[in-house]
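The primary structure of each chain is shown beneath.
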Amino acid sequence: MAEAPENLDQYLPHWNAEQLLQVCGDMPDMLAELVDLYLATFPEQEQKLRTSLEAGESNDSRLYAHDIKGSSANMGAESVRKTAAAMEALAKEQKLREAMKLLDELHANFEAVSMVLRGYVNTLFDEEEEEEEEEEAREPSPELS
């Protein structure tokens, strides 16, 4: 199974590496695909949430915040998950103005966690390439005839 980065403390409270590794296990390609999907779909989810809040649509706002909360939980994006959970609760109570005040925090947390996720995926594949190179170096080279 892949391991969490050594200096994990510097990424908290933004990211819970163990959560992401539970979802993906020892499958770096799957991990990279899930991270890419999360990073690619978040801006649209965020915009839908913003639009529904601005339109005063409590139920839609709650659902969009819930979706962001769930996808962020799967990625271990703790700061995003917590902010989305607070927004979901506020929307459920029809406190949309208060929920709107958290949009900047949600976006800033996503920016922070996206840097961490990209960096982690890059590190993971760099380590995988190094292991392959080491393995190739240990294999005897075929003799020329």
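Owing to the predicted nature of the structure, the values given are computational and were not obtained by experimental measurement. (Residues numbered from 1 in each chain as written. Predicted model: local features only at pLDDT ≥ 70, side-chain atom pairs only at ≥ 80, totals over all residues. Heavy atoms only, no water.)

A closer look at the packing of helix 3 (residues 58-75) against helix 4 (residues 78-92)
- Contact pair helix 3 / helix 4: the axes reach a minimum separation of 8 Å and the direction vectors enclose 160°. Overall, the two elements helix 3 and helix 4 adopt an arrangement that is roughly antiparallel. Once helix 3 is placed against helix 4, the crossing between them reads as left-handed. The segment helix 3 lies against helix 4, with Ser-58, Ser-61, Arg-62, Ala-65, His-66, Ile-68, Lys-69, Ser-72 and Ala-73 engaging Val-80, Arg-81, Ala-84, Ala-85, Met-87, Glu-88, Ala-91 and Lys-92.
- When its residues are assigned to classes, the contact of helix 3 with helix 4 shows eight nonpolar, four polar and five charged. (Axes fitted to C-alpha atoms, helices over the stretch in contact; angles between N-to-C directions. Helix = DSSP H or I, 4+ residues; strand = E, 2+ residues; numbered from the N terminus. Parallel < 35°, antiparallel > 145°, perpendicular 65-115°, else oblique. Left-handed = near helix turned anticlockwise from the far one by under 90°. Contact = heavy atoms within 4.5 Å. Nonpolar A, V, L, I, M, F, W, Y, C, P; charged D, E, K, R; others polar.)

Some words on the confidence of the model for the chain
- Scored by pLDDT, the chain has a mean of 83; 77% of the residues are at 70 or more.
- The weakest mean pLDDT in the chain belongs to helix 1 (residues 17-24) at 73; the strongest belongs to helix 5 (residues 96-100) at 98.
- Long-range and interchain partners of residues 1-5, a stretch whose pLDDT sits below 50, account for 18 contacts in this model, where long-range means more than four residues apart. (pLDDT = per-residue confidence, 0-100.)

Observations concerning unusual backbone geometry
- Even without being a glycine, Gln-94 presents a positive backbone phi close to 60°.
- Summarising the element assignment, Gln-94 is placed in the loop between helix 4 and helix 5.

Brief notes about the environment of Ser-58
- Locating Ser-58 in the fold gives a position in helix 3.
- The spatial distance from the C-alpha of Ser-58 to the C-alpha of Ala-91 is 5.2 Å, given a sequence separation of 33 residues.
- Excluding residues within four positions of it along the chain, Ser-58 makes contact with Ala-91, Gln-94 and Leu-96.

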